[in-house]
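# Overview (structure and organization)
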Amino acid sequence: MVKLFVSIALSVFSVVTFAYSSVGNFPKGPDATLTPGALCEHPDSYRYPEKVPYCERNVSSDLKKSLFVKYDQLGFRTGQMKRLDFKIDHYIPLCMGGSNDEKNIWPQHKSIYAITDPLEPVLCQKMADGRLNQKKAVEYITYGKNHLDEVRRILAEVNSL
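Residues numbered from 1 in each chain as written. Predicted model: local features only at pLDDT ≥ 70, side-chain atom pairs only at ≥ 80, totals over all residues. Heavy atoms only, no water.

### Brief notes about the pairing of strand E4 (residues 105-109)
For clarity, the cut-off: Relative accessibility decides the category of a residue: with a 1.4 Å probe and only protein chains considered, values under 20% of the type maximum give buried, values over 50% give exposed, and everything between is partly exposed. Numbering of helices and strands runs from the N terminus, with a helix taken as a DSSP run of H or I at least four residues long and a strand as a DSSP run of E at least two residues long.
Counting buried positions along E4 yields five of five residues, so the element is predominantly enclosed. Alternating residues of E4 divide into Ile-105, Pro-107 and His-109 and Trp-106 and Gln-108, and every residue in both groups is buried.

Written out as structure tokens, the structure reads:
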């Protein structure tokens, strides 16, 4: 009877553990209410032929911590995960004229940035080359960060510009 109980308990634990890990304890993309995106309003300089406002990276430790708390209030469990598995991501990257404002940053898990990070330098280089304007670059990056399965297609499209 004890063996049966242990066997059932282990089976239930395995199923619960699998379900828990497969659901994901971190956001797959930025939450639209917490992180709608924001452009640089107080630029340190301007970039590209289009003269896109550029803000230097400046996100305080306190703001980073508060973002984890706010996302966890949505039901995620980022606070229970390894901090090194996350970076604070600028939804609209600084190189595209994004802001350091709370509305533009979110805790991005390494499995997500492994998908989206290759897109950013290509988009910014196309902006630098004058082949892509800020508006279109922002459309590409925000769409990609919300549709991870489309990032490869977007990358191929942008590389052809």
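Continuing now.
### Focus on the nonpolar core
Going by this rule: Side-chain atoms within 4.5 Å are what join buried Ala, Val, Leu, Ile, Met, Phe, Trp, Tyr and Cys residues into a set we call a nonpolar core. In this description, contact between two residues means that some pair of their heavy atoms is separated by no more than 4.5 Å.
Met-96, Leu-123 and Met-127 are the most contacted members of the largest nonpolar core, which has 18 residues in total. For this core, the secondary structure elements donating two or more residues are helix H4 (119-128), helix H5 (134-146) and helix H6 (151-159). Those residues in contact with Met-96, other than ones at most four positions away along the chain, are Val-52, Glu-120, Leu-123, Cys-124, Met-127, Gln-134, Ala-137, Val-138 and Ile-141.

### A look at the pairing of strand E3 (residues 86-90)
Definition in use: Paired strands, as defined in this entry, are two strands with at least two bridges between them according to DSSP.
Here E3 lies mainly inside the structure; four of its five residues are buried. Relative to E4, E3 is paired through five bridges, and the arrangement is antiparallel. Residue pairing in the sheet places Asp-89 in a bridge with Trp-106 of E4.

### As for the confidence of the model for the protein chain
Predicted coordinates in areas of low pLDDT are best not read in detail. Put simply, the rule is: Looking at any residue, its pLDDT shows the predictor's confidence there, from 0 to 100.
Per-residue confidence for the protein chain averages 88 on the pLDDT scale, and 85% of its residues sit at or above 70. Per-residue pLDDT stays below 50 along residues 1-23; that stretch engages in four contacts with residues further than four places along the chain or on separate chains.

### Here we look at the state of the cysteines
Put simply, the rule reads: Throughout, disulfides are identified as pairs of cysteine sulfur atoms within 2.5 Å of each other.
In this structure the tally under the stated criterion is two disulfides. A sulfur-sulfur separation of 1.9 Å characterises the disulfide bridge that pairs Cys-40 with Cys-55. Here Cys-40 and Cys-55 share a disulfide; its torsion about the S-S bond, 85°, makes the bridge right-handed. Of this pair, Cys-40 sits in the loop between helix H1 (2-23) and strand E1 (45-47) while Cys-55 sits in the loop between strand E2 (52-54) and helix H2 (61-72), and the two are 15 residues apart along the sequence. Assigned by exposure class, Cys-40 and Cys-55 land together as buried. One disulfide bridge connects Cys-95 with Cys-124, the sulfur atoms lying 1.9 Å from each other. As the torsion about the S-S bond is roughly 60°, the Cys-95-Cys-124 disulfide counts as right-handed. With a gap of 29 residues between them, Cys-95 in the loop between E3 and E4 and Cys-124 in helix H4 connect regions that are remote in the sequence. We classify Cys-95 as buried; its relative accessible area is 14%. Cysteine pairing for the protein chain, with bonded cysteines counted in sequence order: 1-2, 3-4.

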